[in-house]
Amino acid sequence: DLVSYGIFGLIDAIDKFDMTKNVKFETYASLRIRGAILDQIRKMDWIPRTIRQRQKQIDTAMKELEQLFEEYTRQKPDNIYELPSSGSNRRYFRISGSGITLIGAKGLDVDENIAFMEIAKHFRLKGLPVPQVLCASKDNMFYLQEDLGDITLFNTIQQGRETSNFSPDEISLLKKTIATLPKLQFEGGKGLDYSICFPQPEFDERNVWFDCNYFKYCFLKATGIEFSEIKLEDDFQRMSDILMRST
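Residues numbered from 1 in each chain as written. Predicted model: local features only at pLDDT ≥ 70, side-chain atom pairs only at ≥ 80, totals over all residues. Heavy atoms only, no water.

**Q** For this particular structure, what's the right way to read the overall build of the chain?
**A** Counting its secondary structure elements, the chain contains nine helices and five strands. When the elements of the chain are put in sequence order from the N terminus, they spell out α-α-α-β-β-β-α-β-β-α-α-α-α-α. A globule of 247 residues ought to have a C-alpha radius of gyration of about 18 Å, yet the chain, at 26 Å, is considerably larger. Along the three orthogonal principal directions, the C-alpha set of the chain runs to about 75 × 55 × 40 Å. By sequence separation, contacts in the chain at least 24 residues apart represent 48% of the contacts at least 6 residues apart. (Helix = DSSP H or I, 4+ residues; strand = E, 2+ residues; numbered from the N terminus. Rg over C-alpha atoms; globule rule 2.2 N^0.38 Å. Contact = heavy atoms within 4.5 Å.)

Pasting the structure below:
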C-alpha cells in the first residue's frame, strides 16, 4: 500500500514539476512522494488529529512540569497525571515524588498566569485560604502550587444537589463558603495592585456580563437544571445595574 501511495505521489510530481525553477526533479519528487504517503497514513488513522494534537500538548506540559518539580524539590518525580478541568482553559496536573505532592499548572496566556500568581501571593499575605504558588518557569507558562487534595464543595454536596434536599452538614458548608467569599472580595482587595488584573484592571459592565454568561453556559446549563433564561437575564441586568451604581 505504501508503494502505491508513493507512486501516486510520483505521478503527481511528474504532472506538476516545473523545470524553469531550477530545482532537481529528485528533490521535488521525494517531497511529493513523502507527502502522499503521509497523507494516506493520516487518513487511515482512527484517532482524530485534534486528539493527537491535544495529547502532544499534554505530553509537552508534563515534561516541562516534571523539570520544574525537579528544580524546585531537588527530587525526581515518580508520577504525574492530569486532573479534570475546572471551569477554565488552565490545565492542572498532580506531580509526586519522594513523598512530596504538588499541583502543576499550565496556562495559555502569560498575562493571565502572572495575574493569577500575583493575586494568589497577595491573598496569602492577607491570610486568605488559597493555595500557595511555589515557583514558576522562566516564561511564566508553567507553575507549581501546593496540593490541597481532591475534596471539592461541588462533590461534597452532591446528594443535596441531586435531591434538592440538603443535609445540615451540606448547609453548614455552603454557609461557610458564602461567608468566605466577601472576605476574598474585600480583605483581598485591600492593598491589591489592580494593574496586574486580567484581562483589564477595571471591572466594568462588560466584564460583569462576561462573568454572568460564563456562569450560565459553563455552570448552570452544564447541570441540566431547568430555568427561565428570560428571568435569569433580568436578574443579570439588575445585578449589573447594582454593581455599576456602587463603582
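**Q** What am I meant to see in a nonpolar patch on the surface here?
**A** A cluster of nonpolar residues, Val3, Ile7, Phe8 and Ile11, forms a patch on the protein surface that exposes about 420 Å² of accessible area. Judged by its relative accessible area of 43%, Ile11 falls in the partly exposed class. (Patch = residues over 30% accessible without salt bridge, like charges linked within 9 Å, V, L, I, M, F, W, Y side chains within 5 Å. Areas by Shrake-Rupley, 256 points an atom, 1.4 Å probe, with all protein chains shown as cover. Salt bridge = Lys/Arg side-chain N within 4 Å of Asp/Glu carboxyl O. Buried < 20%, exposed > 50% of the residue type's maximum accessible area, 1.4 Å probe, protein only.)

**Q** Got a minute to help me understand the packing of helix 1 (residues 2-16) against helix 2 (residues 25-44) in this structure?
**A** Packed helices, taken two at a time, are described by the angle between their axes plus the distance between the axes. Contact pair helix 1 / helix 2: the axes reach a minimum separation of 8 Å and the direction vectors enclose 135 degrees. By the angle between their axes, helix 1 is oblique relative to helix 2. The element helix 1 and its partner helix 2 pack so that their crossing is right-handed. Along its contact with helix 1, which presents Leu2, Tyr5, Gly6, Gly9, Leu10, Asp12, Ala13, Ile14 and Lys16, the element helix 2 presents Phe25, Tyr28, Ala29, Arg32, Ile33, Ala36, Ile37, Gln40, Ile41 and Met44. The residue inventory of the contact of helix 1 with helix 2, partitioned by class, reads 13 nonpolar, three polar and three charged. (Axes fitted to C-alpha atoms, helices over the stretch in contact; angles between N-to-C directions. Parallel < 35°, antiparallel > 145°, perpendicular 65-115°, else oblique. Left-handed = near helix turned anticlockwise from the far one by under 90°. Nonpolar A, V, L, I, M, F, W, Y, C, P; charged D, E, K, R; others polar.)

**Q** Looking at this model, I keep getting lost on the sheet that holds strand 4 (residues 133-136). Mind explaining?
**A** Picture the strands of a sheet paired through backbone hydrogen bonds; they go either parallel or antiparallel. Spatially, the five strands line up as an open sheet ordered 1-2-3-5-4, and their pairing is antiparallel. The open sheet has two free edges, formed respectively by strand 1 (79-82) and strand 4, since each of these has just one partner strand. When the angles between neighbouring strand axes are averaged without regard to direction, this sheet yields 25 degrees. Here strand 4 pairs with strand 5 (residues 142-146) via three bridges, running antiparallel. Bridge pairing links Cys135 to Leu144 in strand 5. Sheet contacts for helix 4 (residues 110-125): strand 2 (91-97), strand 4 and strand 5; angle to strand 5, the most-contacted strand, approximately 25 degrees. (Pairing = 2+ DSSP bridges.)

**Q** Help me understand helix 8 (residues 205-223) in this model?
**A** Since one α-helical turn is 3.6 residues long, residues separated by three or four positions face the same way. An ideal rise of 1.5 Å per residue puts 27 Å on 19 residues; helix 8 measures up with 26 Å between its terminal C-alpha atoms. Tucked inside the fold, the buried residues of helix 8 contact helix 9 (229-245). Directly after helix 8, the chain includes Gly224, whose backbone phi takes a positive value near 80 degrees. (Expected span 1.5 Å × (residues − 1).)

**Q** In this structure, what is going on with unusual backbone geometry? I would like to understand it.
**A** Leaving glycine aside, a negative phi is the common case for residues, and trans is the common case for peptide bonds. In this structure, the amide linkage connecting Phe198 to the following residue, Pro199, adopts the cis form with an omega of 5 degrees. Here Pro199 is to be found in the loop between helix 7 (168-187) and helix 8. Even without a glycine there, the phi angle at Arg74 is positive, about 65 degrees. Positionally, Arg74 belongs in the loop between helix 3 (49-73) and strand 1. The exposure class of Arg74 is exposed, given its relative accessible area of 68%. Here Ser164, not a glycine, exhibits a phi torsion of approximately 60 degrees, which is positive. Residue placement: Ser164 occurs in the loop between helix 6 (158-163) and helix 7. The exposure class assigned to Ser164 is exposed, which follows from its relative accessible area of 63%.

**Q** So what exactly am I meant to see when it comes to the packing of aromatic side chains here?
**A** Two numbers describe a pair of aromatic rings. These are the distance of the centres and the angle of the planes. This model, assessed by the stated rule, comprises five aromatic pairs. Measuring from centroid to centroid gives 6.2 Å for Trp209 and Phe236, while their planes differ by 90 degrees, and the two rings are edge-to-face. Highlighted residues: Trp209 in helix 8 and Phe236 in helix 9, separated in sequence by 27 residues. Look at Phe236 and you get buried, because its relative accessible area is 6%. Pairwise contacts between aromatic rings join Phe17, Phe25 and Tyr28 into one cluster. A cation over an aromatic ring shows up here: Arg90 above the ring of Phe116, its NZ or CZ 4.5 Å from the ring centre. Cation over ring: Arg161 sits above Phe154, and NZ or CZ is 3.6 Å from the ring centre. (Phe/Tyr/Trp six-rings, centres within 6.5 Å; stacked < 30°, edge-to-face > 60°. Lys NZ or Arg CZ within 6 Å of the ring centre and 35° of its normal.)

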